[in-house]
Amino acid sequence: MASGHDGRFAPSPTGPLHLGNLRTALVAWLVSRAHDGRFLLRVDDLDPDRSRPEHEVSQLDDLLALGIDWDGDLVRQSDRLARYDDALSQLDAQDLTYPCFCTRAEVLAAAAAPHGPGVEAPYPGTCARLARSERTARVVAGEPHCIRVRAEAATIGFEDELLGRVETIVDDFVVRRRDGVAAYNLASPVDEADLAIDVVVRGADLAPTTPRQVWIAERLELHVPQFAHVPLVLGPDGARLAKRHGAASLDELSARGLDAAAVLALLAASIGIEPRATDTSARDLVDRFSIDRVPRGDERIDPARFLDGSGWSSSRIE
Ligand code: GLU
């Protein structure tokens, strides 16, 4: 990878980290630490209904159990709301935002183009066409609304370290939710720039939304980092690994006899590092890590097979 290697991991404290999240965290950490980069931990706690302090604590414990440490204080998005408001005002000042009164159901019903599973429907621009006077009257009357950007279907792409070229048409996405809180796609690029992050490593499920964040960074004249979207770990049924697949979190695995070092060995094998019996911490993997050996495609695994000690490769479902 070119340029700097300061990175971060940014979990949402909405539940325990599972093997897929832990693998992404490990890759993010190794990308930075293998090049003596800084590594920060950002807590994406903008969703007040789903974020819980106890999940934050268990996530930090799990990362530390694997030897994934971080520099400086945790950064919580909930502490940065004023900064996001400021970013929103800068977009307003460029006339790049508008209030949207559509409900979720209306957006889904109006979305013309088919969209893939898990991919949010592109907003069809209904409220962009409202007359300014009507828009103002509805806001003044207190009608619930979110704020969207006027992206004018810009085509935005980036070179991903793992996925190659990713390019999409950016829709009029939400930058402030109906509850008045900044949306992730606004907050994230502002954070990366303010924290001087060189490389963003995160799950491949977020790759389709990254062009939106690049769009924000460009409009606000913020530094655009490099990206590496780590393929997902799926359960035997092909759905993203989740609690119902069993043995997906460090706690569940440890309850079934796999300690943190054993999980580290599984994760190492999953990113192309031959595990050694002497590995006890992520630090032990630094010299053997190369991003070139991280798999490029999503993988289906059967966590049940870990429990007989057969390792990552034999738990892969080909
Ligand atoms: N908080 C997001 C998640 O856990 C990740 C955000 C990011 O890494 O940019 O899916």
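Look above for the structure.
For every chain, the first residue of its written sequence is number 1, and the numbers climb from 1 along that sequence. Only residues with pLDDT of 70 or above have their local features reported here, since the model is predicted, and side-chain atom pairs are shown and tallied only from 80 upward, although totals for entire chains, interfaces and linings are computed over all residues. Excluding hydrogens and water, the side-chain values take into account all heavy atoms of the structure.

A. Looking closely at the nonpolar core. We call a set of buried residues a nonpolar core when its members are Ala, Val, Leu, Ile, Met, Phe, Trp, Tyr or Cys and they connect through side-chain atoms within 4.5 Å of each other. Note on exposure labels: buried denotes an accessible area under 20% of the residue type's maximum, exposed denotes more than 50%, and partly exposed covers the range between, all computed with a 1.4 Å probe on protein chains only. One finds Leu26, Leu30, Leu63, Ile68 and Phe289 to be the most contacted residues of the largest nonpolar core, which totals 46 residues. Secondary structure follows DSSP: runs of H or I at least 4 residues long count as helices, runs of E at least 2 residues long count as strands, and numbering of each begins at the N terminus. If you list the elements that add at least two residues to this core, you get helix H1 (19-33), strand S2 (39-43), helix H2 (53-65), strand S9 (199-203), strand S10 (226-230), helix H8 (250-255) and helix H9 (260-270). The leading source of residues in this core is H1, at nine residues. What makes two residues a contact is simply this: any of their non-hydrogen atoms within 4.5 Å. Those residues in contact with Ile68 that lie beyond four places of it in its chain are Ala25, Leu26, Trp29, Phe39, Leu63 and Ala282. Core analysis: the next-biggest nonpolar cluster, separate from the first, contains 34 residues, Leu46, Ile156, Val166 and Ala187 among them.

B. View of the site of the ligand. Whether a residue is near a molecule or strand depends on its heavy atoms: if one lies within 4 Å, it is near. Every residue near the ligand is listed here: Arg8, Ala10, Pro11, Ser12, Arg42, Asp44, Tyr184, Ser188, Arg202 and Leu206. In the environment of the ligand, a nitrogen atom lies 2.7 Å from a nitrogen or oxygen atom belonging to the backbone of Ala10. We call two N or O atoms a polar contact when they sit within 3.5 Å, provided that within protein one can donate a hydrogen and the other can accept it, with sequence-adjacent residues counted only if both atoms are side-chain atoms. For the ligand, a nitrogen atom lies 2.8 Å from a polar atom in the side chain of Ser12. Surface exposure here means Shrake-Rupley accessible area, sampled with a 1.4 Å probe, where a residue is shielded only by the protein chains that are shown. Protein contact buries 79% of the 300 Å² of open area that the ligand shows by itself. Of the residues in the shell around the ligand, the class split is four nonpolar, two polar and four charged. Any residue outside Ala, Val, Leu, Ile, Met, Phe, Trp, Tyr, Cys, Pro, Asp, Glu, Lys and Arg is labelled polar, Gly included; the first ten of those are nonpolar and the last four are charged.

C. The arrangement of the sheet that holds strand S8 (residues 174-176) in detail. Taken together, three strands build an open sheet; the order of strands is S4-S5-S8 and the sheet is antiparallel. Each of the sheet's edge strands pairs with one partner strand only, and the pair in question is strand S4 (97-100) and S8. On average, each strand axis in the sheet is inclined to that of its neighbour by 45 degrees, with strand direction left out of account. Only strands joined by at least two bridges in the DSSP assignment are considered to pair. Where S4 lies against strand S5 (residues 146-149), four bridges are found, and the strand directions are antiparallel. Whenever a helix is involved, its axis is fitted only over the stretch in contact; in every case the axis is a line through C-alpha atoms, and angles between N-to-C directions fall within 0 to 180 degrees.

D. Examining the environment of Leu22 more closely. With respect to the helices and strands, the residue Leu22 is situated in helix H1. For Leu22, a relative accessible area of 0% puts it in the buried group. C-alpha of Leu22 to C-alpha of Phe9: the two residues are 13 residues apart in sequence and 10.0 Å apart in space. Not counting residues up to four positions away in its chain, the partners in contact with Leu22 are Leu17, Asp62, Leu63, Leu66, Leu250 and Leu267.

E. How the structure looks around unusual backbone geometry. Positive phi is not limited to glycine here, since Asp36 has a value of about 55 degrees. Within the chain, Glu221 stands out as a residue other than glycine whose phi angle is a positive 55 degrees. Structurally, the position occupied by Glu221 is in the loop between helix H7 (210-219) and S10. Take Glu221: its relative accessible area is 75%, and that puts it in the exposed class.

F. Looking closely at helix H3 (residues 81-93). Helix span, as expected, comes to 1.5 Å for every residue beyond the first. Counted at 1.5 Å a residue, the expected span for H3 with its 13 residues is 18 Å, and the 18 Å between its end C-alpha atoms agrees. Within H3, the full set of buried residues consists of Tyr84, Ala87, Leu88 and Leu91. Viewed end-on, H3 has its buried residues packed into an arc of 100 degrees, placing them on one side of the element. Across from the buried face of H3, at angles greater than 90 degrees, the exposed residues are Ala82 and Ala93. Close packing links the buried residues of H3 with S4, S5, S8, helix H6 (184-194) and H7. Positive backbone phi, approximately 60 degrees, marks Asp95, located one or two places after H3. Directions drawn from the helix axis to the C-beta atoms are what define this arc.

G. Structural context of the packing of aromatic side chains. Centres within 6.5 Å make a pair out of two Phe, Tyr or Trp rings, where for Trp the six-membered ring is used; the pair is then stacked when the planes are under 30 degrees apart, edge-to-face when over 60, and tilted otherwise. Summed over all chains, the structure comprises three aromatic pairs. Measuring from centroid to centroid gives 6.0 Å for Phe173 and Trp215, while their planes differ by 85 degrees, and the two rings are edge-to-face. Linking Phe173 in the loop between strand S7 (164-169) and S8 with Trp215 in helix H7, this pair joins segments that are 42 residues apart in sequence. Owing to a relative accessible area of 1%, Trp215 belongs among the buried residues under this scheme. Arranged with centres 5.8 Å apart and planes meeting at 25 degrees, the rings of Phe306 and Trp312 form a pair that is stacked. On the basis of relative accessible area, Phe306 is assigned to the buried category, the value being 1%. Classification of Trp312 by relative accessible area gives buried; the value is 2%. A ring is considered to have a charge above it if a Lys NZ or an Arg CZ atom is located within 6 Å of its centre and within 35 degrees of its normal. The ring of Phe101 carries the charged tip of Arg138 above its face, separated from the ring centre by 4.3 Å.

H. Up close: H6. Among the 11 residues of H6, nine are classified as buried, and the element is accordingly described as predominantly covered. Of the positions making up H6, those classed as buried are Asn185, Leu186, Ala187, Ser188, Pro189, Val190, Asp191, Glu192 and Ala193. Contacts from the buried residues of H6 go to strand S1 (7-9), S2, H3, S8, S9 and H7. Phi turns positive one or two residues past the end of H6, at Ala196, with a value near 55 degrees.

It is worth stressing that arrangement in space is one thing and function is another; only the former is reported here.
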